[in-house]
Amino acid sequence: MRKSDRWGANRPAETALGLFAALLGVIWARADAPPPEQHTDDPRMGQLVVGQNTDGRLEIFRVAPDGELRHRWQKASNGEWSSWGGLGGSLAPGIASAQTADGGLAVFAIDKDTRTLRYTRQKPPSHSGWSLWQNLGGSLRSPVTVGRNLDGRLEAFAVDAGSGAVKCIWQTNAEDGWSAWLDLGGALEPGLAVERNLDGCMELFGVDARTKALLHCWQRGANAPGSWSPWDSLGGMIQPGFAVGRDTDGRLEVFALNSSTGGMEHLYQIVSTNGARW
């Protein structure tokens, strides 16, 4: 038998070994490489949001599978509901709703293609119609979180799509004037929560992307949206999707699931001022 025929007989085995070695090389290369940047949105977050009109009627909002914002409202307080209507948009899940200073509802969402923050609101004085979507810029991950300053101006918060830092933007007046984006730093998981302290200062909470500890920062004065403290750790090891509420005496309380055990945990302010002991 010629040498060339002998090599040809072994070629399938050699080819299989070569392919196996190449596959191992790809696996090793992938294991050594940093994980790709994640821009996916958690579909469980913000699937349904409820707002309340000034006359007491509830209104619910959701993002349809095609990305359009859909809403449905009570025709009368404690009465029947309308059918679903569309407000347009091409949005990611994880929306937020808040009441504006003039009493209308506003909805904030992240555009699913451009990652920019979008905003629409009921048009005064009747609040029966809705404005066109306004582009507030940014490059963000869903969900978005919205708080209201003591003077009624809204402020929106979300995690930057690239760095994980928290970004915020706020109304400069009761109309449609908005600030530039402010970088609050940190490296947090998407899914923030905001609540106002008894002294009128907003306090913002999030989960550290590395340690899973609960972090918080707070305004250095009521109606001072551009002035925030550094991030401070409240410890723990929690999942995103926690909740913040305020007790009748004004103290804030946080409820969360432990990321290791799945058990419910909570902590609360000892006194009702921002940055105080917990």
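Below is a short write-up of the structure.

Rules of the game
- Residues numbered from 1 in each chain as written.
- Predicted model: local features only at pLDDT ≥ 70, side-chain atom pairs only at ≥ 80, totals over all residues.
- Heavy atoms only, no water.
- Pairing = 2+ DSSP bridges.
- Helix = DSSP H or I, 4+ residues; strand = E, 2+ residues; numbered from the N terminus.
- Axes fitted to C-alpha atoms, helices over the stretch in contact; angles between N-to-C directions.
- Phe/Tyr/Trp six-rings, centres within 6.5 Å; stacked < 30°, edge-to-face > 60°.
- Buried < 20%, exposed > 50% of the residue type's maximum accessible area, 1.4 Å probe, protein only.

Backbone hydrogen bonds are what pair the strands of a sheet, in a parallel or an antiparallel way. Spatially, 4 strands are ordered 5-6-7-8 in an open sheet, and the strand pairing comes out antiparallel. In this open sheet, the two strands that pair with only one neighbour each are strand 5 (96-99) and strand 8 (134-137). On average, each strand axis in the sheet is tilted by 25 degrees relative to the strand beside it, whichever way the strands run. Across 3 bridges, strand 7 (residues 117-121) lies against strand 8 in antiparallel orientation. The partner of Y119 across the bridge, within strand 8, is Q134.

For the structure shown, the criterion picks out 6 aromatic pairs. Their ring planes at 75 degrees and their centres at 5.8 Å tell us that F108 and W178 sit as a pair that is edge-to-face. Remark: W178 occurs in the loop between strand 11 (166-170) and strand 12 (182-185) and F108 occurs in strand 6 (residues 105-110); sequence separation between them is 70 residues. Centroid distance Y119 to W178: 5.2 Å. Interplanar angle 75 degrees. Geometry classified as edge-to-face. Taken together, the residues span a long stretch of sequence, with Y119 in strand 7 and W178 in the loop between strand 11 and strand 12 at a distance of 59 residues. For W178, a relative accessible area of 14% puts it in the buried group. Here the aromatic cluster, defined as three or more aromatic residues joined through ring pairs, consists of F108, Y119 and W178.

Residue P125 follows P124 across a cis peptide bond; omega there is 5 degrees. With respect to the helices and strands, P125 occurs in the loop between strand 7 and strand 8. Here S142 and P143 are connected by a cis peptide whose omega angle stands at 10 degrees. Of note, P143 is situated in strand 9 (residues 140-148). Positive phi is not limited to glycine here, since R115 has a value of about 65 degrees. If you check the backbone angles, N223 has positive phi at about 60 degrees while not being a glycine. Looking at the element boundaries, N223 is found in the loop between strand 15 (214-218) and strand 16 (232-233).

Time to look at the sheet that holds strand 3 (residues 69-73). The strand order across the open sheet formed by 4 strands is 1-2-3-4, and the pairing between neighbours is antiparallel. Here the strands that pair on one side only, and so sit at the sheet edges, are strand 1 (49-52) and strand 4 (85-86). The sheet contact formed by strand 1 and strand 2 (residues 58-63) spans 4 bridges and is antiparallel. Bridging from a neighbouring strand, Q52 pairs with L58 of strand 2.

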